[in-house]
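# A structural walkthrough
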Amino acid sequence: MPMKIGEKPFFGRVDDALQDHFMRNAMASAQDRFRNKKLDATERDEQVGDWEEWRSAGEEIRRHTLENLDFYLDQLSENFSKRGGHVFFAKTVEEANRYIQKVAKEKDAKYVTKSKSMVTEEIGLNEALEEVGCHVYETDLAEYILQIDNKDRPSHIVVPSLHKNKEQIRDTFQAKAGYTGTEEPHELTAFARSQLREVFLKADIGITGCNFAIAESGTISLATNEGNANMVTTYPDTQITVMGMERLVPTWEELDVLINLLSRSAVGQKITTYVTNLTPGVEEDCVDAPKEFHLVILDAGRSNALGTEFQSALHCIRCAACVNVCPVYRHIGGHAYGSIYQGPIGAVLSPILGGYEEYGELPFASSLCAACTEACPVKIPIHELLIKHREKYVNHQENVKTSEKLAMKAFGVGTSTPFLFQIAVKGAPMFMKPLIKDGSISNGPGPMKPWTAIREFPAPGKDNFRSWFKEHQKGRQ
Amino acid sequence: MVKGTIHNKDLFLNQIASKLGRERKDNVSLPKWKHQSQWEVYKNSSKDDLLAAFCKNSKEKNVHVVETEKSMLPETIEKVIKEYGGGSIVTTKDDRFSQYGLTLTLDNSQTHIWDTAMGEVNIKKAKEAILGIFVSDISLAESGTIVQFNDKDIARSVSLLPTTYVAIVPKSSIVPRMTQATHKIHRSVIAGEELATCVNFISGPSNSADIEMDIVVGVHGPVKAVYLVVKDL
């Protein structure tokens, strides 16, 4: 399954989400917990020092890296291959999948284990591997839960199964995997551990995403907590890592800063339990490491942002700090965005990667309160990018419906002609009269409908500001 | 080492350069970063302060911390083995065990010392082991983290497959934070030294908060972690 989630239009998805009371409560409670944990690990942690300084360091590093992306990708690929690794630059999703399918076929792979990776969700890698006869096992607990629940889709970048409660997970485990225990998280987790233990050891290929690649040494860095990424990269004979082309740092020293920003912003940890740094070139007689290491570097629309006002969107380190403070995400959850990249950064990234036709409405799913920008550990001006998307979307006439275009044109003519404007202002109370009840409008027509469906619209006053001001001035004279 | 393959590089990178509005760059110097807070953390801390911080922060990560001295290490390790139920043990193949006087302690039928000549048997032994014992190469005070430079002898499995891992932490290995570890690695990369295929930063037992954000300790990696901090090493 690729980046897109669901077939319904945006407002239909939002309506569905608003009816899902468990999901909305779960999102609210998760956001509150994430926020507190993050504060404890950032602004409230005296030891770490000035968090703003750290954010500035992150911004500085990401900006420099993206401005010199071709150089650092060149360095990464040369260093990776110098150690015996194989690098494939994929312009499109299809190219990436075809290459990985080819490797799987060459290895005659039957079993594939995967650690959590949004980029492999983005390219629909599981389905591509199933097409060539592989059995793919998601091994991150949240992804495992989603996979056995009829391949449900992620609702959060860091905790993909956030929309599910423990009772639902218990029921899924019972129905799909023969689980007989209770809904206690430690029992459910122990069950997943027991189910996947042997799978890890028998897998032919292990697949990971990439938190950061390190250009100077050709290394892939993974920040995880469960130990599954270590299993996935230790026992299969072949490892394949898929990375978005922007996910790299020049040297190990910059890795330090970004791992700190990621761990604290994403999950409120000083460092994730595992930071596993893998470089090709294991010794011949090594028993517990992959013999072959492939790195797929993916564009898939990312270069659309390069050299444009959206370049800073590629600075994103996928911590979801912006998601965790967004008031809109709090109410509509992840699936309503219709993309695997949700929340404010999802609303910026999805149109860049997937185009305005599919994701052009997402930038409007924001109150522009700027909480996202304040939360971002690498200082991406997220709310400003949302506004830029809106401008571009509206300016692209093909994106706007004919009725909307006519309405905007009429509005333009009306507001730029004083005579027509006066008629409209004076006539509004009269035109609206049939709709007014108890001083407000609760069932407005046309463009007012979405507004009045959820709240009342104040009735236009008999006086307008100009006439009130005129009278007021007279009174003072 | 045979060089691996690279596909589509020039086409891909030329397009990036073109989008960035310039020619491909074949040389870029790292700027001197304006913001470097990382060096301020535990900046003036003594070795004792770092030891105290390491122990405190490790305990916060659900690690059982045992402080000991080199002369007491064999006895302490035996005590820990007993406390965790005895049974089979797997260790890395590491000269430091003999330097620490642990040869006799680990020389018994219950202990398997990683031996590449035995192939897959090693993994089977690690899977069955109750305890996996190894030495931390660098230890981070800020986060209670131990660092392993894995190779064919310092096997990845020893800290991964057994139910509990036991890391021997020499006090001299403790540094303020990840900054000092990555700086050291960066220097060695510049010097052209061979980098370990796996540099593993591990902070306590595996865990997850994926179900309703409740922390569960012990997922796919070890369920328990013990740090034996040796104060005079």
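Residues numbered from 1 in each chain as written. Chains lettered and ligands numbered in written order. Predicted model: local features only at pLDDT ≥ 70, side-chain atom pairs only at ≥ 80, totals over all residues.

Turning our attention to the overall build of chain A. What chain A contains, in helices and strands, is 21 helices and 13 strands. Taken along the three principal axes of its C-alpha coordinates, chain A extends 95 × 55 × 50 Å. When burial is assessed residue by residue, chain A has 52% of its 477 residues classed as buried. In chain A, of all internal contacts separated by at least 6 residues, the share reaching a separation of at least 24 is 74%. (Helix = DSSP H or I, 4+ residues; strand = E, 2+ residues; numbered from the N terminus. Buried ≥ 20, exposed ≤ 12 C-beta atoms within 10 Å, placed from the backbone. Contact = placed C-beta atoms within 7 Å.)

With that out of the way, let us pick up the overall build of chain B. Tallying secondary structure elements over chain B gives 7 helices and 13 strands in all. Principal-axis analysis of the C-alpha atoms places the extent of chain B at approximately 65 × 45 × 45 Å. Within chain B, buried positions represent 46% of all 233 residues. Considering only contacts in chain B between residues 6 or more positions apart, those separated by 24 or more positions represent 74%.

What follows is about the interface of chain A and chain B. On the side of chain B, 72 residues touch chain A, which itself brings 83 residues to the contact. Element by element, the count of residues in the side of chain A that touches chain B is highest for helix H4 (residues 69–82) of chain A, at 8 residues. For the side of chain A that touches chain B, the per-class residue count stands at 33 nonpolar, 30 polar and 20 charged. (Nonpolar A, V, L, I, M, F, W, Y, C, P; charged D, E, K, R; others polar.)

Glancing now at helix H3 (residues 73–83) of chain B. Residue and element names in this part refer to chain B. Every buried residue of H3 is listed here: Leu73, Ile77 and Ile81. Seen from one end, H3 has its buried residues packed into an arc of 75°, which puts them on one side. Along H3, exposed side chains directed more than 90 degrees from the buried face belong to Glu75, Lys82 and Glu83. Where H3 is buried, its residues contact strand E2 (63–68), strand E3 (89–91), helix H5 (103–106), strand E5 (131–135) and strand E13 (224–230). Gly85, located one to two residues past H3, shows a positive phi value of around 95°. (Arc of directions from axis to C-beta.)

All names here are of chain A. With antiparallel pairing, 3 strands are arranged side by side in an open sheet as E11-E12-E13. Where the open sheet ends on each side, the last strands, each with one partner, are strand E11 (436–437) and strand E13 (457–458). Relative to E13, strand E12 (residues 440–441) runs antiparallel, the two sharing 2 bridges. Counterpart to Ile441 in the pairing with E13 is Phe457. (Pairing = 2+ DSSP bridges.)

Our next topic: the sheet that holds strand E1 (residues 86–90) of chain A. Here 7 strands make up an open sheet; going across it, the order is E3(A)-E2(A)-E4(A)-E7(A)-E10(A)-E1(A)-E1(B) and the pairing parallel. Looking at which strands have only one partner, the edges of the open sheet turn out to be strand E3 (135–138) of chain A together with strand E1 (6–7) of chain B. Examined bridge by bridge, E1 of chain A and E1 of chain B share 2 bridges and lie parallel to one another. Bridge assignment links Val87 of chain A to a residue of E1 of chain B, and that residue is Ile6 of chain B. Along the sheet face, H4 of chain A touches E1 and strand E10 (292–298) of chain A together with E1 of chain B and points at about 150° away from the line of E1 of chain A. (Axes fitted to C-alpha atoms, helices over the stretch in contact; angles between N-to-C directions.)

For the rest of this paragraph, the subject is the environment of Ile352 of chain A. All names here are of chain A. On the secondary structure map, Ile352 appears in helix H14 (residues 343–354). Ile352 gets classed as buried once you count the C-beta atoms within 10 Å, which come to 22. In this structure the C-alpha to C-alpha distance between Ile352 and Gly301, which are 51 residues apart in sequence, comes to 6.5 Å. Residue contacts for Ile352: discarding those within four places in its chain leaves Gly301, Asn304, Ala305, Phe310 and Ala313.

Further remarks concern the nonpolar core. Residue and element names in this part refer to chain A. Core analysis: the largest hydrophobic core is formed by 196 residues, its most contacted members being Leu258, Val296, Ile297, Leu298 and Cys322. The dominant element in this core, judged by the number of residues it contributes, is helix H12 (residues 252–267), at 9 residues. Once residues lying within four places of it in the same chain are set aside, the contact partners of Leu258 are Gly58, Ile61, Phe212, Val249 and Ile317. (Core = buried A, V, L, I, M, F, W, Y, C linked by C-beta atoms within 7 Å.)

So, about helix H2 (residues 21–41) of chain A. Residues and elements named next belong to chain A. In a regular helix each residue adds 1.5 Å, so 21 residues correspond to 30 Å; H2 covers 30 Å between its end C-alpha atoms and thus fits that length. Looking only at H2, the buried set comprises Met23, Met27, Ala30, Phe34, Lys38 and Ala41. Each buried residue of H2 sits inside an arc of 75° when the element is viewed along its axis, so together they form one side. Along H2, exposed side chains directed more than 90 degrees from the buried face belong to His21, Asn25, Asp32, Asn36 and Asp40. The inward-facing, buried residues of H2 contact helix H1 (10–19), H12 and helix H13 (327–332). (Expected span 1.5 Å × (residues − 1).)

Let us look at unusual backbone geometry. It is generally the case that most residues other than glycine have a negative phi and that most peptide bonds are trans. The backbone phi angle of Ala300 of chain A is positive, close to 45°, even though this residue is not glycine. With respect to the helices and strands, the residue Ala300 of chain A is situated in the loop between E10 and H13. A tally of 22 C-beta atoms within 10 Å means that Ala300 of chain A is categorised as buried. Within the chain, Glu212 of chain B stands out as a residue other than glycine whose phi angle is a positive 50°. Position of Glu212 of chain B relative to the elements: it lies in the loop between strand E11 (207–208) and strand E12 (216–217). For Glu212 of chain B, a count of 19 C-beta atoms within 10 Å puts it in the partly exposed group.

Time to look at the packing of helix H9 (residues 166–177) of chain A against helix H10 (residues 185–202) of chain A. All names here are of chain A. In contact at an axis separation of 10 Å, H9 and H10 are set at 35° when each is read in the N-to-C sense. Our pair here, H9 against H10, has a crossing hand that is left-handed. Across the interface between the two elements, Lys166, Ile169, Arg170, Phe173 and Ala177 from H9 touch Pro185, Leu188, Phe191 and Gln195 from H10. Split by residue class, the contact of H9 with H10 holds 6 nonpolar, 1 polar and 2 charged. (Left-handed = near helix turned anticlockwise from the far one by under 90°.)

Within chain B, residue pLDDT values average 95, and 100% of them lie at 70 or more. Across the interfaces of the predicted complex, the ipTM metric reaches 0.96, alongside a pTM of 0.90. (pLDDT = per-residue confidence, 0-100.)

Let us look at the domain arrangement of chain A. By a frequent convention, interface size equals the accessible area lost on bringing the separate parts together. Along its sequence, chain A is carved into domain 1 (10–303) and domain 2 (410–476). Computed over C-alpha atoms only, the centres of domain 1 of chain A and domain 2 of chain A are separated by 53 Å. (Domains from an automatic or database assignment.)

Turning next to the environment of Ser136 of chain B. Residues and elements named next belong to chain B. Relative to the helices and strands, Ser136 is located in the loop between E5 and strand E6 (138–140). For Ser136, a count of 21 C-beta atoms within 10 Å corresponds to the buried category. Ser136 sits 91 residues away from Tyr227 along the chain, and the two C-alpha atoms are 9.2 Å apart. Apart from residues lying up to four places away in sequence, Ser136 is in contact with Ile146, Val147, Ala167, Ile168, Val169 and Ser173.

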